[in-house]
Structure formats: structure tokens, C-alpha cells
Amino acid sequence: MPEKGIINTKQFVWMLFIIITTLAAMQIPSMLIMQAGRDAWLSVVSAWFLDVMLALVYAYMGIRFPGENFVQYSITILGKYLGRMVGILFPLFFLLVCSLMLQGLSQVVNTIFLPMTPFNVILVSSFLVSAFIGRKGLEVIARMTEVLGPLFFFSIVTVCCLVLPAVHMERLKPQLDEGIAPFLIGTPLMLTSFGVCIIMAMYIPLCNRPENGFLAKFSAVSMGALVVGLVTALSVGIFGIEDAQYMNSPGLQLAKMINFSNYLERVEMVWLLILVGSGIVASSSLLWAFGQGLAQIVGLKTYQPLIYPGALLSLVFCIGSFPSSLNQTNFFHYTFPIVAAFVETGLELFLFATALVLNKRGAA
Amino acid sequence: MSIAEAADPKGSRVWNPLIEVGVLEEDKHMTVLIVFAALAISLAEGIPLGKQGQWKELAVMSTLLGMTILLAAGNYLGLPSPLSLLERLLEPIGKAIFK
């Protein structure tokens, strides 16, 4: 296997948490509020439940094919040629998510904090740092997430606790006034963002306790759902659906509200610092997964020479496909959920069913 | 007034492909930057791979960099990127499902 590093269960949890939360907490709450209105938090709960169900399939496949990730077991199940054609879709999906994540992160930094800095400077810097970390390997990423993950989690929970007095409960009522359709349509939007943690299948073979794959995913997605659910519900309760649905990053707007008389202000800077750190580490993890997956498909001894070219390719995707923040938001809202549902759910369930029908198993 | 007319109000007949496709100055700089970055990566990663005889790794890396340069050139010439094509294909479905 190109990657020689080993991670423990705790690192596994924080790595998944950071990926889920960075992607979901930045732009998803406003899209979800636009979709489901006051019932947006119900979409988070139902997406959490469906994602846990999906995690059972991924964890089962990890145990059925010990020491193999989905790129490898797609070759074991479908054969050399078809398996490689299916397997390459996973690394390409991670590259797409990396583009979306860094573009979104750079937009937040550019719009809110560094409006005078050219956008491309922020974007290129983010890619450079992500690629640098990704090339160092999984153990380095895992150690960074062990520090940043708890900070990220507790910072969001603290922000949510501090803004609680500003919540107007009447803005959250009535629930289900338009029936169950809005929150049911919002569910796939949320599920596809949580679903990025299919990257767990890349981590399971490298975890010192592969049987803990489900537990790790369950813990990570539960914390992620709590964070996104809180941000979504509080944004509606404080700003109202009319304003919250058009906000760039509702979590950041919540952090901006914190002000203790005149001696504690601009707390959002601390939150942004953690968000940027987490976003960059999550992107480096995605770049690592791209390099590792591609190296396994082609049969390379090492994945490291593919990280910088992968980051450059991802950067070209950003520049060519998302010339403005509106393009990225549109892609994230209308196109990404379809692509993600196909890769995260469709492909994996297809591999699962094929393995059962053909009675394929990994070498123990 | 089109971009071409704005850039060339007197209507000189010198054909400039950059004006034709409306390439912005910033995009032009980024394309040049990407080509230089690809060359730098190919040197920094390629030389050690060549010395160690890892030709397969070198071939995959070069293919990735080649694809990157081709996509950057496509952007420069105003061609749609793969993600734009994907968006054209799937966005109508997404708009039918989501608000």
C-alpha cells in the first residue's frame, strides 16, 4: 500500500468530523434554510439518520474486505478493468470536493476579512498549504486534526451557547406549517454533505482498529449533525428565515454577534482562525485521498508525487469553473448533490450488492 | 458594446484571440502562473523519480500535469471546463428537485 502511516480511532473520529463540519457549516445552513425554512433542523436530523445507515454499509464492506479501501475492493469485486473505471470515480470525487471546499473557504475569507486582497492570492495560498500538508502523509494530518478538531467543536458549541439569549423562539414557529415536503427535500442536500465522510473507507485499512470504523463514523457524524443543526436552528431563531437564507456563512454571522460590553469584541476572528485551519487540513486530507486512491488504481509504490499535481488540477477546476462566488454556490446547491448522491450512495450500494451476489470477499 | 469593441474602439484589423474570447488580464496571469507551477512541480518531483527509476510514477505525474496545462489553456481560450459541462448536464435536474 502506498501509505505506510497508521492512525488510531480518536484521530479517525476527528478527521471525519473536520471534513464533515467544514463543508457543512460554511455554506450548507443557508441553502438548507432556503430549502426547508424553519424545518431546516429536521433535515439535519433525518440526514444524520440516513448517513448512519449508510455508514453501516461502508463499515461492513471494510470488514468484508479487510485491509482494502473502496478503490481496491472495487477492483476485487468488478475485475481489473471495470473495477478501475469505477474505482477512479472516488478519487476524482475527492478532488471535486477539495475544489469546492477551498473555493468556499477562500470566498469567506475574501468577502468578510480580506476584501482588498485579490481572491486568487487567497485561493493559491490555501492550495499551497493544503498540498504541503497532504504530501506529508496521513499521520501528520491526523495529528493536526487531533488539535484542531476539539477546538473547532468546542468553539462552535461555545458560540452557540453565547448567542442563545438572542434567540426568538417565535421565529422558529410554527414547525411543519408547509407539511413534511420541505424538510424531506432538504434531507438529500444535507445528506450529500455529510456523505463526504465516505472517505472513512480510505481510513479504515489504516486504522489500528479497523472494526471501530462504524463507531468512528457514528461519533463524527453525530457531532457534525449537532454543530450544523445548532447553527441552522440558531440562525433561523436569531436572524429569521428571510435573512438567514441569503447569508454567506451563518456560523460566522453568529460569532460576530458576541460582544461583552467593550472589552471582548471581534470574537469571530478566533472562530475564523479555527475554521481556516480546519478547512485547510480537511482539504489536505481530501488531496491525500485523491493521491492514495489514484496510486492504488495505477499500482504505484508511492502517492506523494501526485499530491502537488492533484492540487494544481483542483486549482484549475476552481479558476475555470467558478469565476465568481455565485457560480460556486449554484454548483454546490444544484449540481453537487446529484454527483455526490451518485458516488456516495449509488456506487457504494452497487459494489455492496455486487459483492453479495457474486459472493466476493477480501483475502483475510 | 462588446468586449472586442471596448478593447479596440477604432476597429483595427489586428486579430487578437484574447480579445475575441474576452479573457481577463487576471485569468491570463493565472494561466501563466499555472504553467510555471506545473513546470516547477515536474522538475521538483520528476528529477528524484527519474533518479530512482520510478518511471510509472513519473508517467502518472506527467499525465496529471499535462491535463492541468491543457485545462488551463482551455480556460485561457474560453473553452468550457469539465465541471461546467457537468453543471450544464445536471443543473436542470438539481433545479427540478431543489428550490
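Definitions and limits used
- Residues numbered from 1 in each chain as written.
- Chains lettered and ligands numbered in written order.
- Predicted model: local features only at pLDDT ≥ 70, side-chain atom pairs only at ≥ 80, totals over all residues.
- Helix = DSSP H or I, 4+ residues; strand = E, 2+ residues; numbered from the N terminus.
- Buried ≥ 20, exposed ≤ 12 C-beta atoms within 10 Å, placed from the backbone.
- Contact = placed C-beta atoms within 7 Å.
- Expected span 1.5 Å × (residues − 1).
- Nonpolar A, V, L, I, M, F, W, Y, C, P; charged D, E, K, R; others polar.
- Core = buried A, V, L, I, M, F, W, Y, C linked by C-beta atoms within 7 Å.
- pLDDT = per-residue confidence, 0-100.

### Looking at the overall build of chain A
Stage number 1. Looking only at helices and strands, one finds 15 helices and zero strands in chain A.
Stage number 2. Its C-alpha atoms put chain A at 60 × 45 × 35 Å along the principal axes.
Stage number 3. Here chain A holds 364 residues, and the buried ones make up 59% of them.
Stage number 4. Within chain A, residue pairs in contact and separated by at least 24 positions form 83% of the contacts whose partners lie at least 6 positions apart.

### Looking at helix α14 (residues 307-321) of chain A
Stage number 1. Compared with the 21 Å implied by 1.5 Å per residue over 15 residues, the 21 Å span of α14(A) between its first and last C-alpha is a close match.
Stage number 2. Burial analysis of α14(A) places 15 of its 15 residues in the buried class, which makes it a mostly covered element.

### Focus on the interface of chain B and chain A
Stage number 1. On the chain A side, the residues contacting the 33 residues of chain B number 28 residues.
Stage number 2. With 11 residues, helix α4 (residues 55-76) of chain B is the largest single contributor of residues to the side of chain B that touches chain A.
Stage number 3. Taken together, the residues of the side of chain B that touches chain A break down into 19 nonpolar, six polar and eight charged.

### Considerations on the nonpolar core
One recurring pattern in soluble globular proteins is that nonpolar side chains are buried together.
Stage number 1. Membership of the largest hydrophobic core comes to 152 residues, with the highest contact counts inside it found for L16(A), I20(A) and C197(A).
Stage number 2. Not counting chain neighbours up to four residues away, the residues in contact with L16(A) comprise C197(A), M200(A), A216(A), K217(A) and A220(A).

### Quick word on the confidence of the model for chain A
Stage number 1. The pLDDT averaged across chain A works out to 89; a share of 99% of its residues lies at or above 70.
Stage number 2. At the low end of the mean pLDDT range in chain A sits helix α12 (residues 250-256) of chain A, at 84; at the high end sits helix α7 (residues 119-136) of chain A, at 94.

### Structural notes on unusual backbone geometry
All names here are of chain A.
Stage number 1. Across the junction of K173 and P174, the peptide omega takes the value -5°, indicating a cis bond.
Stage number 2. By the element assignment, P174 lies in the loop between α8 (138-163) and α9 (181-194).
Stage number 3. One non-glycine residue with positive phi stands out, namely L176, at about 55°.
Stage number 4. Backbone geometry places N359, a non-glycine residue, at a positive phi of 55°.

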